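Working through the structure, step by step
If you want the building blocks of each chain, they are given just below.
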Amino acid sequence: MIDDYEDGNALAGPLSEIFTFDVTTADTRCAGCGRTGPVAGLRVYTHAPGLVARCPGCEEVVLRVVRTPTAAWLDLRGSVALRIPLAPA
Amino acid sequence: MGIVSPGFHGRRRGAGVKLPPGQYLTEDFPVLSAGPTPRIRPEDWEFTVTTETGQEHRWSWRELLDLPGETPTVDIHCVTKWSKLGTSWEGVSLDTLLADVDTAADYALVHSYGGYTTNLPLEDLLDGQAWIAYRFDGEDLAPEHGGPARLLVPHLYFWKSAKWVRGIRLMDEDEPGFWETAGYHDYGDPWREQRYQGD
């Protein structure tokens, strides 16, 4: 049970309700240790009251999502920024 | 399973059992976790109560076990909708741990090894309602279920029963914990179905 997590692609479906792009392709910088990498590379704990995505380097929480019947709660405090690839303007 | 009589299980089944609204009965013990399972050696384990004035009370593992133990049998209700009835625990009542703690605080913030937190009114930890539990079903509490010790406060949704408990901070003001800052209810009474903020 010590490593009962999935990779960040587990966030794709739940976050597609919120964002118009695929968040798993964005790069995120961990507010804890500064590690930068794709959201798809986070460790996502899904057997919980919400989704908890942790840094693969320091295990700090980078992102949380809770879906209630009427709202989605998105906590990005563990992420310094998201770099979202876009088509050239 | 349809051809097996429920009577063969020899345990309480769903029929006639009153559950909180929206809950279903389970016989197993699902493991929910928001992160990696901490592995705390008992010799390294410590439990701290910090009052609103900063006074600290500490117990080592040995000191915890030397306190009078209780063996509550309680029903537990997870906010993810499973309920488990008649669970058997062994632990120390918070009444015992807090007996000599001088406080006028109204709120408690529970801290765990691994960083988890949860909040509740201090009065919900008292009067035989809460324990620091170290055994489940006659066995030492397994790490995936919060061992070596977890908070057990069964009258609230089970996310309040923090696994891998490390300490309790007593406070004059309420401060939301890990799930309470992400949409879950501040109090979490299963009988009033207080799952999310606004319920």
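As a reminder, the structure under discussion sits directly above these lines.
Residues numbered from 1 in each chain as written. Chains lettered and ligands numbered in written order. Predicted model: local features only at pLDDT ≥ 70, side-chain atom pairs only at ≥ 80, totals over all residues. Heavy atoms only, no water.

Description of the interface of chain A and chain B
The interface of chain A with chain B comprises 18 residues on the first partner and 19 residues on the second. Carbon and sulfur atoms make up 66% of the surface buried where chain A meets chain B, a total of about 1700 Å² over both sides. Taken together, the connections running from chain A to chain B amount to 6 residue pairs in polar contact (both at pLDDT 80 or more). When contributions to the side of chain A that touches chain B are tallied by element, the ones reaching two or more residues are β5 (51-54) and β6 (61-67) of chain A. In terms of residue count, the dominant contributor to the side of chain A that touches chain B is β6 of chain A (4 residues). (Contact = heavy atoms within 4.5 Å. Buried area = accessible area lost by both parts, 1.4 Å probe. Polar contact = N/O pair within 3.5 Å; in protein donor to acceptor, adjacent residues only side chain to side chain. Helix = DSSP H or I, 4+ residues; strand = E, 2+ residues; numbered from the N terminus.)

Digging into a negative patch on the surface
Residues and elements named next belong to chain B. Negative charge collects at one region of the surface, where Asp 106, Glu 123, Asp 127, Asp 172, Glu 173, Asp 174 and Asp 186 lie side by side. Inspection of the secondary structure assignment puts Asp 172 in the segment after β11 (165-171). Asp 172 gets classed as partly exposed once you look at its relative accessible area, which sits at 45%. (Patch = residues over 30% accessible without salt bridge, like charges linked within 9 Å, V, L, I, M, F, W, Y side chains within 5 Å. Areas by Shrake-Rupley, 256 points an atom, 1.4 Å probe, with all protein chains shown as cover. Salt bridge = Lys/Arg side-chain N within 4 Å of Asp/Glu carboxyl O. Lys, Arg positive; Asp, Glu negative; His and termini not counted. Charge placed at Lys NZ, Arg CZ, Asp CG, Glu CD. Buried < 20%, exposed > 50% of the residue type's maximum accessible area, 1.4 Å probe, protein only.)

A short note on the packing of aromatic side chains
Under the counting rule described, the total for this entry stands at 19 aromatic pairs over all chains. Arranged with centres 5.6 Å apart and planes meeting at 55°, the rings of Tyr 5 of chain A and Tyr 45 of chain A form a pair that is tilted. Here the residue Tyr 5 of chain A occupies a position in the segment before β1 (6-7), and Tyr 45 of chain A occupies one in strand β4 (residues 43-45), the gap between them amounting to 40 residues. Classification of Tyr 5 of chain A as partly exposed rests on a relative accessible area of 27%. Here Trp 82 of chain B and Phe 158 of chain B contribute two aromatic rings whose centre-to-centre distance is 6.4 Å and whose plane-to-plane angle is 70°, an arrangement assigned as edge-to-face. With Trp 82 of chain B in strand β5 (residues 82-93) and Phe 158 of chain B in the loop between β10 (150-152) and β11, this pair connects stretches of sequence that are 76 residues apart. (Phe/Tyr/Trp six-rings, centres within 6.5 Å; stacked < 30°, edge-to-face > 60°.)

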